[in-house]
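# Structural features, examined
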Amino acid sequence: MRVLVAGATGAVGRLLVPLLLESGHQVTGISRTPKGAESVRGQGASAVQGDVFDRDGLRRIVAAAAPDAVVHQLTDLSGADGEATNRLRREGTRHLVDAAVAAGVTRIVAQSISWAYAAGEGPADESEPLDIGAPQPRGALVDGLRALEDTAAVMEAAVVLRYGVLYGPGTWYAPGGAVAAALAGDPSARFLGSIEADLSVSSFLHVADAARAAVAALDWPSGPVNIVDDEPAQARAWLPVLADALGVPAPVATSGRQDWARGASNALARSRGWRPGYPTWRTGFAAQGA
């Protein structure tokens, strides 16, 4: 299969490209910078420099690549700018999908997130609604994700991967990353999340497992799929383990809880044959520095 990867040099994309090649696919990666494009070529794939906000330029790129499928791994999280990320999810996804449709592409695999569900009891599955109408700034995040998912769904085959909180190389939760800095007391640390050790529940996902899911999803039927590990957990449980792995102080436990923070179920992904290589954050956090 000819696969075009948008976001080929991001935390997931840089692991995804070699996995696609190992699976026998022909891969073209898009990067915003010459350095990024060169990095993709260094992995053995074709590469092109492009910007998803350049609508006409993106159409030319997709037409020239003539892919059978597009994989959307675009984010803009390095600066912890929620507004920029929401714009990318709305406008960038629209441009990418329009370019794919114009080029006759019928399949897309797109990155979403699993903590946008409405409040409820227990881990959320894919049948449950997103948290539409949530207060800001969460409301803007959910609206951006809904736009991304609705836009992807116009394609004939659209698989939306609702990833857990990503950790591993290139993420905020990696050694030396923004979360480690925040736990160590650095007031300039920037990330979109919380380091309060409360009762809020999260589902995590190692970036390597995210990449493996994207490869598998090329053969999956349309619709959203939660891609998370096997152990949703309260912050007061996972934060001390993360802090220990990062070598920084653990925060004091508290009793608050965000009612939407409930984690997610990976039963659907497992029914399709996907298994997390890191089934729990308990071992995954420690493996980041290995």
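So, how was this worked out
- Residues numbered from 1 in each chain as written.
- Predicted model: local features only at pLDDT ≥ 70, side-chain atom pairs only at ≥ 80, totals over all residues.
- Heavy atoms only, no water.
- Axes fitted to C-alpha atoms, helices over the stretch in contact; angles between N-to-C directions.
- Helix = DSSP H or I, 4+ residues; strand = E, 2+ residues; numbered from the N terminus.
- Parallel < 35°, antiparallel > 145°, perpendicular 65-115°, else oblique.
- Contact = heavy atoms within 4.5 Å.
- Nonpolar A, V, L, I, M, F, W, Y, C, P; charged D, E, K, R; others polar.
- Buried < 20%, exposed > 50% of the residue type's maximum accessible area, 1.4 Å probe, protein only.
- Pairing = 2+ DSSP bridges.

Turning our eyes to something else, we now look at the packing of helix H4 (residues 82–102) against helix H5 (residues 138–152). Where H4 meets H5, the axes come as close as 8 Å, and the angle between the chain directions of the two elements is 10°. Overall, the two elements H4 and H5 adopt an arrangement that is roughly parallel. Touching Asn 86, Arg 89, Arg 90, Thr 93, Arg 94 and Val 97 of H4 are Ala 140, Leu 141, Gly 144, Leu 145, Ala 147, Leu 148, Thr 151 and Ala 152, all from H5. In terms of residue class, the contact of H4 with H5 is made up of 7 nonpolar, 4 polar and 3 charged.

Right, let's talk about unusual backbone geometry for a bit. Put simply, Gln 136 and Pro 137 share a cis peptide bond, and its omega is 5°. Structurally, Pro 137 can be placed in the loop between strand S5 (107–113) and H5. Backbone geometry places Ala 66, a non-glycine residue, at a positive phi of 45°. With respect to the helices and strands, the residue Ala 66 is situated in the loop between helix H3 (55–65) and strand S4 (69–72).

Bringing the environment of Thr 75 into the picture now. Positionally, Thr 75 belongs in the loop between S4 and H4. Along the sequence, Thr 75 and Ser 112 sit 37 residues apart, while their C-alpha atoms lie 9.8 Å from each other.

Moving on to the pairing of strand S1 (residues 2–6). Within S1, 4 of the 5 residues are buried, which leaves it mostly tucked inside the rest of the structure. In the sheet, S1 pairs with strand S2 (residues 26–31) via 5 bridges, with the strands oriented parallel. By the bridge assignment for S2, Leu 4 is matched with Thr 28. Bridging between S1 and S4 involves 4 bridges; their strand directions are parallel. Across the sheet, the residue bridging to Val 5 is Val 71, located in S4.

Spatial strand order, S3-S2-S1-S4-S5-S6-S10: 7 strands in an open sheet with parallel pairing. Edge strands, defined here as strands with exactly one partner in the open sheet, are strand S3 (46–49) and strand S10 (223–227). Shown here is a sheet whose adjacent strand axes are inclined to one another by a mean of 20°, direction ignored. Contacts from H4 reach S1, S4 and S5 within the one sheet, and its direction differs from that of S4 by about 170°.

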